[in-house]
Amino acid sequence: MNCDNKPSDLYPNCDTSIWLRSCEEEITEPINGRVIGTIPKWIKGSLLRNGPGRLKVGDMMFKHLFDSSALIHRFHINNGEVTYQCRFIQTETFKKNMIAKRIVVTEFGTSSVPDPCHNIFQRFSSRFKTTEKSDNTMISIYPFGDEYYSFTESPVIHRINIETLKTEARVSVSDFVGIVSHTSHPHVLPNGTVYNLGLSVDLSGPRYNIICFPNGKYMFDNAHIVASIPSRWKFFPSYMHTFSMTDNYFVIVEQPLSVSLPNLVKSNIKNEPMCSSFKWFADAQTFIYLICRKRGQLCHTYKTDPIFYLHIINSYEDNGHVILDICTYKDPSMLDCMYIESMRDMQNNPNYANMFRARPLRFVLPLYYRHRQIQKTPFKRSLSLMNVIPNISTNRRLSKSTSFDFGKDQQLSTVNYKKLNFHSENLVKLKGTTCTSYLLEDSTVFCEPESLCSVGCETPRIHYDSYSGRKYRYFYAISSDVDAPNPGTLIKVDVVTKTKLTWCEPNCYPSEPIFVAGPNCQSEDDGVVLASMVWGKTDENRVGLLVLCAKTWTQMGRCEFTTKGPVPKCLHGWFASEKK
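The model shown is predicted, which means the values in this text are computed figures rather than measured ones.

1. Some words on the overall build of the protein chain
Scanning the protein chain from N- to C-terminus turns up 8 helices and 41 strands. Relative to its full complement of 580 residues, the protein chain shows a buried share of 60%. A sequence separation of at least 24 residues applies to 64% of the contacts in the protein chain between residues at least 6 apart. Working note: accessible area of the protein chain is about 23800 Å², and carbon and sulfur atoms make up 49% of it.

Written out as structure tokens, the structure is:
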């Protein structure tokens, strides 16, 4: 990639080399850094970060960012001082690759090569063993009681010692509940109970399951499914990275990006990466399901235009409506952007910025409506999702299909935008929103969103402990606009006034901002926001911790570290408070 900011660069302010670095040496013992400004002494705990750590195995390179070997970072904060350390998660995949000095386990976007430690029979049979699938948990980290586990979509998690960063255990969630995958973002309730969304497949087809891990000593042994609904497509379950919860509902967003189960079987036999099994149904609607938390039954189904998403910001109930805020794309082209080849060629790709164009949207879902509200006069659409998210280019890698025939009961649900008429009044009665919802002739509800912010936002976080599933005002995010004046911008969004505050500095790339409430917290943004930082271009041996005042969005302090080797940018994390 061209990192010299030459006139030929299409995105001269963006440096994707921060994602392409490989950690060459672990930092097992904490190192001290240089504090600039003031880090409040009341902050006591560890900011834990997870993400891609090594793209190289011997002479081989992974092809997709999601394949990189997982690296855990720790910024320990105490008495106004900070230390830093990082270690690789000792997954079975990582250990096999290191022993073989090559990629011997197939990943999301990379096919493996034969393991020299296996004979011909072992190589063939390994393709049919679940134990041979990747357990590279490089996406997130979450607490289960007083223990912390690293996550990815595979139902295998790893227990991490948050003081030494040693990998202490490997847990297969599918041994406790019958799932084949789960989201990378479970929900941790104030009482310590954990919920996650998992996928199971039986003779009736794929099902989406809400799994409860009751807080206590035996959280995994006592895990159980509290709700289950079928996928609308028998052979194409939707890909889901997150879900949401309110006081009374589980919220599942079934997007048109799906995993083809027939192709998944074929790819497993042919040793093809999982991404080859993805199907994007461009003309299929997105479904939003509300499941009653008390009864575990599906209560409401809503439809909207096709969207792709990774992260839900928050959801809550308000005066007979469920509000759902979500970071959306028009299609999953952004997954193509994270191929290593695409990142290296980014400066020569005029479509790259549009492929990565995300916008935070709000959907308002009415809870109370009746079929008799239908009127004879068609209602013209006032807003289209096409006008909310900027246009993006055609997806190059993900296979598309809009004409599959699965039999009478398996036809794709599609929407013809030119012929769609709304035969009801707007069902949204909530003040302060331009969102609309209309009852269609088939008695389903079609929802149109509103924009929360005019800039790209990703990895959104809120004041989670007090406002997850509750009415809130602020969320914090990183910029997803690679063509912005400064792509390394941190953003605070006010969802009430639809305004934003930004923080940035040249050549600096902060990661996901995490809110930490202040002592005797009096308001939603009474506290600080923590973000890890790396720097672009040749400044690859520099890492830092940033502390922003959450109210004013100004820097209070930071701590910078000089390492012996490169430090790659990370994805998601958690603040482990010593108070807890």
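2. Some remarks on the packing of aromatic side chains
A full pass over the atoms with the stated rule returns 27 aromatic pairs. Consider the rings of Tyr-149 and Phe-220, whose centres lie 5.3 Å apart with planes at 75 degrees: the pair is edge-to-face. Highlighted residues: Tyr-149 in strand E9 (residues 147–151) and Phe-220 in the loop between strand E15 (205–213) and strand E16 (224–230), separated in sequence by 71 residues. Note on Tyr-149: relative accessible area 2%, which makes it buried.

3. Some words on the sheet that holds strand E31 (residues 450–451)
To summarise the sheet geometry, strands pair through backbone hydrogen bonds and adopt either a parallel or an antiparallel arrangement. Taken in spatial order, the 4 strands of this open sheet run E23-E24-E25-E31, and their pairing is antiparallel. Two strands in the sheet have a free side with no partner beyond their single neighbour: strand E23 (308–318) and E31.

4. Focus on the side chain of Glu-450
By the element assignment, Glu-450 lies in strand E31. Discounting chain neighbours no more than four positions away, the residues touching Glu-450 are Pro-360, Leu-361, Arg-362, Thr-433, Thr-434, Cys-435 and Lys-498.

5. Here we look at the pairing of strand E18 (residues 249–254)
In terms of residue burial, E18 counts as a mostly covered element, since 6 of its 6 residues are buried. Of the pairings in the sheet, the one linking strand E17 (residues 244–245) to E18 comprises 2 bridges and is antiparallel in character. Residue pairing across strands places Ser-244 opposite Val-251, the latter belonging to E18. Relative to strand E21 (residues 286–292), E18 runs antiparallel, the two being bridged by 6 bridges. The residue bridging Tyr-249 from the neighbouring strand is Cys-292, located in E21.

About the criteria used
- Residues numbered from 1 in each chain as written.
- Predicted model: local features only at pLDDT ≥ 70, side-chain atom pairs only at ≥ 80, totals over all residues.
- Heavy atoms only, no water.
- Helix = DSSP H or I, 4+ residues; strand = E, 2+ residues; numbered from the N terminus.
- Buried < 20%, exposed > 50% of the residue type's maximum accessible area, 1.4 Å probe, protein only.
- Contact = heavy atoms within 4.5 Å.
- Areas by Shrake-Rupley, 256 points an atom, 1.4 Å probe, with all protein chains shown as cover.
- Phe/Tyr/Trp six-rings, centres within 6.5 Å; stacked < 30°, edge-to-face > 60°.
- Pairing = 2+ DSSP bridges.

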